[in-house]
Amino acid sequence: MTDYKIVLLKGDGIGPEIVNQAVKVLDKTAEKFDFTVEYDEALLGGCAIDATGVPLPDETVEKCKKADSVLLGAVGGPKWDNQPGNNRPEAGLLGIRGALGLFANLRPAVIFEPLKGASPIKDEIIGGTLDIMIVRELTGGIYFGEKGRKEVNGNPAAYDTEMYTVPEIERIARVAFDLAMKRNKKLTSVDKANVLESSRLWRETVIRISKEYPEVELNHLYVDNCAMQLVINPSQFDVIVTSNIFGDILSDEASMISGSIGMLASASLSEGKSGLYEPIHGSAPDIAGLGIANPLATILSVAMMLRYSLDRPKAADAIENAVSTVLKDYRTPDIYAEGTTKVSTDEMGDLICNAL
Ligand code: NAD
């Protein structure tokens, strides 16, 4: 009997190339840790528009809902740039997140020791190592609040509304506290409680939930201060929890500390165990088909899947360790440095399998 059913949404551009490497690595990991995985493929993004006319066919939603987990490559590209907004490949991405109820976005900002030199932050500021997990609320707040245009004193005006309900804050806070418990038991909640009423409710609620987690050290930062602290003292952070809009900005800032877009994984979780795992980068149409894309962000997304959806933390550790080992000597062109050997997408996948 198969242990896990995974849906692959390979998508567009480099999507298929990098997902194929991740599958190779997951198969090798399954063999080593004695479990079985069954794959199903479904269409999302530009390839879905070409085949069915829409970026998110109903069949894709149905398949993903039944799966234990979903692995996504990337979607989009110039071919579909003239599609109307609601039929662009990216609309499929928003659609699948909504359909699966993915309310928690986990974005690790990690520096692998061999890549320290690629970070724009000086070594002495980073200190020994950097391993931050940003937990962003993904389905509420100002991106989904009431918005519109009106006239104010005869002038055209526009507005967007930041609103959070207590249950929305409670559930994202619990995700963050649970993660902190599995890591270094330190959580920073980020808000703008000196100005925003929604942030004051956010802070009150996070403090109340913290009583359920007496072992976790909780502190609060205003978002402007957090943006500064990420650059001047990033190693103070373990887990950061914040709203949709603040998380959108801070997670991009934090991820750039690692120095390479081809290395960054992400997870989006729903209530329960299932989730959608994907690299943070896009479909890189400029290098699609050349066999030079870095597959490590997607491979590291598989490690996150094993840890957060499939309860296989040792298998996740093994993949992360293999990545760290291989990076000492081998690099895809985007992270190449003198003294290492340049390899293709496919060779990188094989090297990770061998290191496992
Ligand atoms: P991008 O992330 O695709 O590419 C930015 C730059 O980084 C490019 O030079 C690219 O070659 C490079 N790059 C990205 N991933 C790489 C990898 N794994 N290995 C080596 N180099 C890599 O961003 P973009 O160019 O702004 O967007 C391209 C398309 O992707 C657009 O259609 C955009 O809408 C879409 N997009 C999709 C997602 C997603 O699917 N989640 C996210 C962002 C952008």
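Every chain is numbered independently, its residues counted from 1 as its sequence is written. Residue-level local features of this predicted model are given only where pLDDT is at least 70; pairs of side-chain atoms are given and counted only at 80 or more, and the full residue set underlies all totals for whole chains, interfaces and linings. Hydrogens and water molecules were not included; the side-chain quantities draw on all heavy atoms of the structure.

Student: How would you explain the overall build of the protein if you had to name every residue and give the values?
Tutor: By definition, any uninterrupted DSSP run of H or I lasting at least four residues is a helix, any uninterrupted run of E lasting at least two residues is a strand, and each is numbered from the N terminus. A count of helical and extended segments in the protein gives twelve helices and 14 strands. Only the C-alpha atoms count toward the radius of gyration. The rule for a globule is 2.2 Å times the residue count to the power 0.38. Against the 2.2 N^0.38 benchmark of 21 Å for 356 residues, the protein shows a C-alpha radius of gyration of 20 Å, consistent with a compact globule. Viewed in the frame of its principal axes, the protein has a C-alpha envelope of about 60 × 50 × 45 Å. Per-residue accessibility, obtained with a 1.4 Å probe over protein chains only, is compared with the maximum for each type, and a residue is labelled buried under 20%, exposed over 50%, and partly exposed between these values. Relative to its 356 residues, the protein shows a buried fraction of 51%. Should any heavy atoms of two residues lie within 4.5 Å, those residues are considered in contact. The long-range fraction of contacts in the protein, counting pairs at least 24 apart against all pairs at least 6 apart in sequence, stands at 74%. Shrake-Rupley sampling with a 1.4 Å probe provides the accessible areas, and residues are treated as covered by the protein chains on show and by no other component. Accessible surface computed for the protein: about 15,900 Å², of which carbon and sulfur atoms make up 51%. Positive charges come from Lys and Arg alone, negative charges from Asp and Glu alone, with His and the N- and C-terminal ends not counted. By convention, the point assigned to a charge is CZ for Arg, NZ for Lys, CD for Glu and CG for Asp. With 36 positive and 51 negative side-chain charges, the protein shows a separation of 3 Å between the mean positions of the two kinds.

Student: Can you lay out the sheet that holds strand β1 (residues 4–11) for me, pointing to particular residues and giving the numbers?
Tutor: Ordered by their spatial adjacency, ten strands build an open sheet running β2-β1-β3-β12-β11-β4-β5-β10-β8-β9, and the pairing between neighbours is mixed. Unpaired on one side and paired on the other, β2 (37–41) and β9 (217–222) mark the two borders of the sheet. Neighbour to neighbour, the strand axes of the sheet diverge by 25° on average, direction disregarded. Paired strands, in this sense, are two strands between which DSSP finds at least two bridges. Pairing of strand β3 (residues 69–74) with strand β12 (residues 275–279) involves two bridges; the strand directions are parallel. Each axis is a line fitted through C-alpha atoms, taken for helices only over the stretch in contact, and angles between the N-to-C directions span 0 to 180 degrees.

Student: Please give an account of the site of the ligand that cites residues and values.
Tutor: Note on terminology: near, applied to a residue and a molecule or strand, indicates that one of the residue's heavy atoms is within 4 Å of it. With respect to spatial proximity, 19 residues lie near the ligand, and among them Val75, Glu90, Gly282, Ala284 and Asp286 are the closest. The separation between a nitrogen atom of the ligand and a polar side-chain atom of Glu278 is 3.5 Å. At 2.8 Å from an oxygen atom of the ligand is found a main-chain nitrogen or oxygen belonging to Ala284. Burial of the ligand by the surrounding chains reaches 68%, relative to a free accessible area of 810 Å². Of the residues belonging to the shell around the ligand, the class tally is nine nonpolar, six polar and four charged. Counting of polar contacts relies on pairs of N or O atoms within 3.5 Å, with two restrictions inside protein: one atom must be capable of donating a hydrogen and the other of accepting it, and residues adjacent in sequence are counted only when both atoms are side-chain atoms. Residues are sorted three ways: Asp, Glu, Lys and Arg are charged, Ala, Val, Leu, Ile, Met, Phe, Trp, Tyr, Cys and Pro are nonpolar, and all the rest, Gly among them, are polar.

Student: Let's hear about the packing of aromatic side chains: which residues, and what values?
Tutor: Here the distance between the centres and the angle between the planes together describe a pair of aromatic rings. Working definition: a ring pair exists when centres of Phe, Tyr or Trp rings (six-membered ring for Trp) sit within 6.5 Å. Plane angles under 30 degrees give stacked, over 60 give edge-to-face, the rest tilted. Applying the stated criterion to the full structure yields three aromatic pairs. Aromatic side chains Tyr164 and Trp202 sit 5.4 Å apart centroid to centroid with 65° between the ring planes, which places their arrangement in the edge-to-face category. Of this pair, Tyr164 sits in the loop between β7 (155–160) and α6 (166–182) while Trp202 is found in helix α7 (residues 197–210), placing the two residues 38 residues apart along the sequence. Considering the side-chain rings of Phe177 and Tyr213, the 4.8 Å spacing of their centres and the 10° angle between planes classify their relative orientation as stacked. Taken as a pair, Phe177 in helix α6 and Tyr213 in the loop between α7 and β9 lie far apart in primary sequence, 36 residues in all.

Student: Hey, could you go over the environment of Asp346 for me, with residue numbers and the actual values?
Tutor: Residue placement: Asp346 occurs in helix α12 (residues 345–355). C-alpha separation for the pair Asp346 and Lys147, spaced 199 residues apart in sequence, amounts to 46 Å. When neighbours within four sequence positions are excluded, Asp346 is seen to be in contact with Gln21 and Lys24. Reaching out from Asp346, the side chain makes a polar contact with the side chain of Lys24 at a distance of 3.0 Å.

Student: Describe helix α3 (residues 58–66), naming the residues involved and giving the relevant values.
Tutor: Along α3, the residues classified as buried are Thr60, Val61 and Cys64. Across the axial projection of α3, the buried residues extend over an arc of 100°, all falling on one side. Residues of α3 that are exposed and point over 90 degrees away from its buried face: Asp58, Glu59 and Lys66. In this structure, the buried residues of α3 make contact with β1, β3 and α4 (89–99). Of all possible arcs, the one meant is that of the directions from the helix axis to the C-beta atoms.

Student: Lay out a nonpolar patch on the surface with the relevant residues and their values.
Tutor: To count toward a patch, a residue needs a relative accessible area above 30% and no salt bridge. Like charges then connect within 9 Å, nonpolar side chains (Val, Leu, Ile, Met, Phe, Trp, Tyr) within 5 Å. Salt bridge, as used here: a side-chain nitrogen of Lys or Arg that lies within 4 Å of a carboxyl oxygen of Asp or Glu. A surface patch of nonpolar side chains, amounting to about 280 Å² of accessible area, comprises Met228, Val231 and Ile232. Mapped onto the elements, Val231 comes out in helix α8 (residues 223–232).

Student: Describe in detail the pattern of salt bridges, supporting the description with residues and values.
Tutor: Counting across every chain of the model gives 22 salt bridges. The salt bridge partner of Lys24 is Asp346, with a shortest N-O separation of 3.0 Å. Of this pair, Lys24 sits in helix α1 (residues 15–33) while Asp346 is found in helix α12, placing the two residues 322 residues apart along the sequence. Accessibility expressed as a relative area gives 25% for Lys24, which makes it partly exposed. Accessibility expressed as a relative area gives 41% for Asp346, which makes it partly exposed. Between Arg183 and Asp238 there is a salt bridge whose closest N-O contact spans 2.9 Å. You can see Arg183 sitting in the loop between α6 and β8 (186–191) and its partner Asp238 sitting in the loop between α8 and β10 (239–242), a full 55 residues away along the chain. By relative accessible area, which is 3% here, Asp238 ends up buried. If you follow the salt bridges from partner to partner, you end up with Lys24, Asp346 and Asp350 in one network.

Student: Quick rundown of the nonpolar core? Include the residues and the values.
Tutor: Within the largest apolar cluster, 66 residues are counted, with the highest numbers of intra-cluster contacts made by Leu106, Val135 and Val323. Note: domain ranges come from an automatic or database domain assignment. Both domain 1 (1–104 + 261–356) and domain 2 (120–257) contribute no fewer than three residues apiece to this core. Contacts of Leu106, omitting those with residues within four sequence positions, involve Met133, Ile134, Val135, Val175, Leu179, Ser266, Ala267, Leu269, Met304 and Tyr308. The set of buried Ala, Val, Leu, Ile, Met, Phe, Trp, Tyr and Cys residues whose side-chain atoms join them within 4.5 Å is what this entry labels a nonpolar core. One finds Ile126, Cys226, Ile240 and Ile257 within the second-largest nonpolar core, a separate group that totals 18 residues.

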